[in-house]
Amino acid sequence: MKIFKNTLIISSYLLLVALFFSGGYALGRRGTEGEAPLPQATAYPAWNAEKTENEGEPEYEVVIEDGILKIYKCIGKSKSVVTSEEISESVFPTQDIAELREGVRFERLEEAQQLFENFVS
């Protein structure tokens, strides 16, 4: 008799859970019928592979100017300084300083910061 009683209790709990779930689902579906419009397909213009002067991914340039090592953020022809630090040029090899005077470009800021840190630290 004890097994029958436990089975009956468990079955009634499962039935109640199923009823509450079904009722909640039915109420939820009833509130959303016909209210939300379907999204319309949007036609996007073809993407141009060429970068324009104001658009595109920024590049980062590490340059030494008058004993100051700078990281520039370059977008097209516009440049803005990200960070700068004064360093002593005589400590480093002349070939490295010559490359830095011309500017070293990177696609990611992390790469530019890594080179910057190599000279600053």
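As a convention, each chain's residues are numbered from 1 in the sequence order in which they are written. Where local features are concerned, this predicted model is filtered to residues with pLDDT of at least 70; where side-chain atom pairs are given and counted, the filter is 80 or more; whole-chain, interface and lining totals use all residues. Neither water nor hydrogens contribute to the side-chain values; these are computed over all heavy atoms in the structure.

Participant: Quick one: what's the story with the overall build of the protein, residue by residue and with numbers?
Facilitator: By the criteria applied, helices consist of DSSP H or I runs no shorter than four residues and strands consist of E runs no shorter than two, each listed in order from the N terminus. When you go through the protein residue by residue, the secondary structure sums to three helices and four strands. Counting from the amino terminus, the protein carries its helices and strands in the arrangement α-β-β-β-α-β-α. Think of it in three bands: residues with accessible area under 20% of the maximum for their type are buried, residues over 50% are exposed, and the middle band is partly exposed, with areas taken using a 1.4 Å probe on protein chains only. Sorting the 121 residues of the protein into buried and exposed places 17% on the buried side. Contacts are residue-level and defined by heavy atoms, with any inter-residue pair within 4.5 Å sufficient. A fraction of 44% describes how many contacts in the protein between residues 6 or more apart in sequence connect residues 24 or more apart. In short, Shrake-Rupley with a 1.4 Å probe defines the accessible areas, and a residue's cover is counted only from the protein chains shown. Accessible surface, the protein as shown: approximately 10300 Å² in total, 56% of it carbon and sulfur.

Participant: Break down the pattern of salt bridges for me, with residues and values.
Facilitator: When charged atoms on two side chains of opposite charge get close, those side chains can pair. By definition, a salt bridge exists where a carboxyl oxygen of Asp or Glu is found within 4 Å of a side-chain nitrogen of Lys or Arg. Throughout the structure, instances matching the rule amount to six salt bridges. The closest approach of N and O atoms between glutamate 59 and arginine 105, which form a salt bridge, is 2.6 Å. Taken together, the positions of glutamate 59 in strand β1 (residues 59-65) and arginine 105 in strand β4 (residues 104-106) put the pair 46 residues apart, joining distant regions of the chain. Residue classification places glutamate 59 among the partly exposed positions, given a relative accessible area of 30%. By relative accessible area, which is 41% here, arginine 105 ends up partly exposed. By sharing partners, the salt bridges in this structure join Glu59, Glu61, Lys79 and Arg105 into a single network.

Participant: So what about the environment of glutamate 59? Which residues, and what values?
Facilitator: The spatial distance from the C-alpha of glutamate 59 to the C-alpha of lysine 73 is 5.9 Å, given a sequence separation of 14 residues. If sequence neighbours within four positions are ignored, glutamate 59 has contacts with Tyr72, Lys73, Cys74, Arg105 and Phe106. Residues adjacent in sequence count toward polar contacts only when both atoms are side-chain atoms; beyond that, a polar contact is any pair of N or O atoms within 3.5 Å, and within protein one must be able to donate a hydrogen and the other to accept it. A polar contact is formed between the side chain of glutamate 59 and the side chain of arginine 105, at a distance of 2.6 Å.

Participant: An account of a nonpolar patch on the surface is needed here, citing residue identities and associated values.
Facilitator: Residues Ile9, Tyr13, Leu15, Leu16, Leu19 and Phe20 make up a contiguous nonpolar surface patch of roughly 670 Å² in combined accessible area. Relative to the helices and strands, tyrosine 13 is located in helix α1 (residues 2-32). On the basis of relative accessible area, tyrosine 13 is assigned to the exposed category, the value being 55%. Here the term patch refers to residues with relative accessible area over 30% and no salt bridge, with like charges joined within 9 Å and nonpolar side chains (Val, Leu, Ile, Met, Phe, Trp, Tyr) within 5 Å.

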